[in-house]
Amino acid sequence: MATKIGMMDSAYFVGRSEILAWINSTLQLNLSKVEEACSGAVHCQLMDSVHPGSVPMHKVNFDAKSEYEMIQNYKVLQDVFNKLKITKHIEVSKLVKGRPLDNLEFMQWLKRYCDSVNGGQLQNYHALERREASKGGKEATKRAAATQQSSKSASSSSAAPRPSSSNGTRKHEPQSSNTGNHHSSKAPSKQQPKPVPAYDEKITELKLYIDSLEKERDFYFSKLRDVEILCQNPDAEHLPLVGSIKRILYAADGEDVGAGAAETTETQTLSPIAEGSEERRNSVTESQKRKLIVNLDVDAAAITTLSPRQRLSDSSDVKCSGSSPLLTC
């Protein structure tokens, strides 16, 4: 079933011209752009063409202009999807904007679904009669007929042969100068080129390209947002690497944060070791000084408190304990 087709499926490689030809032939309309179907009424009638009677056409508004009216059409379409147990998600907020790429993708999926249901062939479906039951359906039919009539007249006028010159026309050649100037002034206006459809094609291609760039931008922005949320985690917020990542994320344009982040990370990782060794060195020298002062004070105090006889015995002990052979006890 076409409800779960992937983005790389062949359905999403169908061109706009083929999609438009399918819509116009199925519903007897005369759409020139896919985004003209953004109101949702065309989608509802296409579903009605493959599932006759499943869509309440009296609730469909072909004359929807505002987003509120378009959303009502998509609600009808969503109810039909729920009734038929179709799990396709409808991105209404994007479709009502009239973006060419979003409307083209959804219409490509809808064509694939309709082809999977009826094999690409309709049997006894009266599009005009079904559309007349909806709001603005008759006006949509009239607009389509008027557009077709104007296109036919334009094509017939362009294909009509030019009248050949005759003797009768030569008789009117000598005319006044004013008349000649009048014809010469009108001639360039007749020869002005009409708007070429290729320009419309180029504009549509540029719109599609812009939509693809916006999608790519939103994709990478979501990734950066995930990194930011991860960096704001209380368990990892104090890490030096997280601080460097935040500095890169919040850096202004043109600011070089690579060297600064590396230097900061190096100082953050090495400074505690250096500070610790310096503190240990200072504490060792300070303790040695204190021990030396205490020993000198104790020795001096002990010498002053000893009696003359004890001093004499101490000096003899020193002489006896000496290792020199000249000293004898």
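In this report, we go over the structure that sits alongside the text. (Residues numbered from 1 in each chain as written. Predicted model: local features only at pLDDT ≥ 70, side-chain atom pairs only at ≥ 80, totals over all residues. Heavy atoms only, no water.)

**Re the overall build of the protein chain**
Across its full length, the protein chain holds 13 helices and zero strands. Reading the protein chain from its N terminus to its C terminus gives the helix and strand order α-α-α-α-α-α-α-α-α-α-α-α-α. Evaluated residue by residue, the protein chain yields a buried proportion of 26% over its 329 residues. Sequence-distant contacts, at least 24 apart, represent 62% of the contacts inside the protein chain between residues at least 6 apart. Of the roughly 23,300 Å² that the protein chain leaves accessible, carbon and sulfur atoms contribute 56%. (Helix = DSSP H or I, 4+ residues; strand = E, 2+ residues; numbered from the N terminus. Buried < 20%, exposed > 50% of the residue type's maximum accessible area, 1.4 Å probe, protein only. Contact = heavy atoms within 4.5 Å. Areas by Shrake-Rupley, 256 points an atom, 1.4 Å probe, with all protein chains shown as cover.)

**What about the side chain of aspartate 211?**
Structurally, aspartate 211 can be placed in helix α10 (residues 197-231). Among buried charged residues, aspartate 211 stands out as having no salt bridge; its nearest opposite-charge side chain is arginine 99, 4.6 Å away. Among all residues touching aspartate 211, those that are not within four sequence positions of it are Arg99, Pro100 and Leu101. (Lys, Arg positive; Asp, Glu negative; His and termini not counted. Salt bridge = Lys/Arg side-chain N within 4 Å of Asp/Glu carboxyl O.)

**Side note on the packing of aromatic side chains**
Here the structure, examined in full by the defined rule, presents four aromatic pairs. Taken together, the ring pairs connect Phe81, Phe106, Trp109 and Tyr113 into an aromatic cluster. Sitting above the plane of the tryptophan 22 ring, lysine 111 keeps its charged end 5.9 Å from the centroid. Above the face of the phenylalanine 62 ring, arginine 131 is positioned so that its terminal group lies 5.9 Å from the ring centre. (Phe/Tyr/Trp six-rings, centres within 6.5 Å; stacked < 30°, edge-to-face > 60°. Lys NZ or Arg CZ within 6 Å of the ring centre and 35° of its normal.)

**Observations regarding helix α2 (residues 41-50)**
Burial within α2 is extensive, with ten of its ten residues counted as buried. Each element contacted by the buried residues of α2 is listed here: α1 (16-27), α3 (67-84), α5 (100-118) and α6 (127-132).

**Re the environment of isoleucine 71**
The residue isoleucine 71 is located in helix α3 in this model. Given a relative accessible area of 33%, isoleucine 71 falls into the partly exposed group.

**With respect to the side chain of aspartate 48**
Within the fold, aspartate 48 resides in helix α2. Side chain to side chain, aspartate 48 and tyrosine 125 meet in a polar contact 2.9 Å long. If near-sequence neighbours (up to four positions away) are discounted, aspartate 48 is found in contact with Gly53, Ser54, Val55, Met57, Tyr125 and Arg130. (Polar contact = N/O pair within 3.5 Å; in protein donor to acceptor, adjacent residues only side chain to side chain.)

**Description of the packing of α1 against α5**
For the pair α1 and α5, interaxial distance at closest approach is 11 Å and the crossing angle is 55°. With respect to α5, the axis of α1 lies oblique. Relative to α5, the crossing made by α1 is left-handed. Residues Arg16, Glu18, Ile19, Trp22 and Ile23 of α1 pack against Leu104, Met107, Gln108, Leu110, Lys111 and Cys114 of α5. (Axes fitted to C-alpha atoms, helices over the stretch in contact; angles between N-to-C directions. Parallel < 35°, antiparallel > 145°, perpendicular 65-115°, else oblique. Left-handed = near helix turned anticlockwise from the far one by under 90°.)

**Remarks on the pattern of salt bridges**
For the structure shown, the criterion picks out eleven salt bridges. In this structure, the salt-bridge partner of aspartate 63 is lysine 65, at a minimum N-O distance of 3.9 Å. Aspartate 218 is paired through a salt bridge with arginine 217; the nearest N and O atoms lie 3.2 Å apart. Since its relative accessible area comes to 52%, arginine 217 is described here as exposed.

**Quick look at the packing of α2 against α5**
Their axes nearest at 10 Å, the elements α2 and α5 cross at an angle of 10°. Accordingly, the angle class assigned to the pair α2 and α5 is roughly parallel. Here α2 contributes His43, Leu46, Met47 and Val50 to the contact with α5, which in turn contributes Phe106, Met107, Leu110, Tyr113, Cys114, Val117 and Asn118. Considered class by class, the residues forming the contact of α2 with α5 number nine nonpolar, two polar and no charged. (Nonpolar A, V, L, I, M, F, W, Y, C, P; charged D, E, K, R; others polar.)

**Looking at unusual backbone geometry**
Backbone geometry places glutamine 28, a non-glycine residue, at a positive phi of 55°. On the secondary structure map, glutamine 28 appears in the loop between α1 and α2.

**Structural notes on α1**
With twelve residues, α1 extends 16 Å from end C-alpha to end C-alpha; this agrees with the ideal 16 Å at 1.5 Å per step. Along α1, the positions that sit buried rather than exposed are Ile19, Leu20, Trp22, Ile23, Asn24, Thr26 and Leu27. Buried residues along α1 sit against α2, α5 and α6. One or two residues past the end of α1 sits glutamine 28, with phi positive at roughly 55°. (Expected span 1.5 Å × (residues − 1).)

All we've got here are geometric facts, nothing functional implied.
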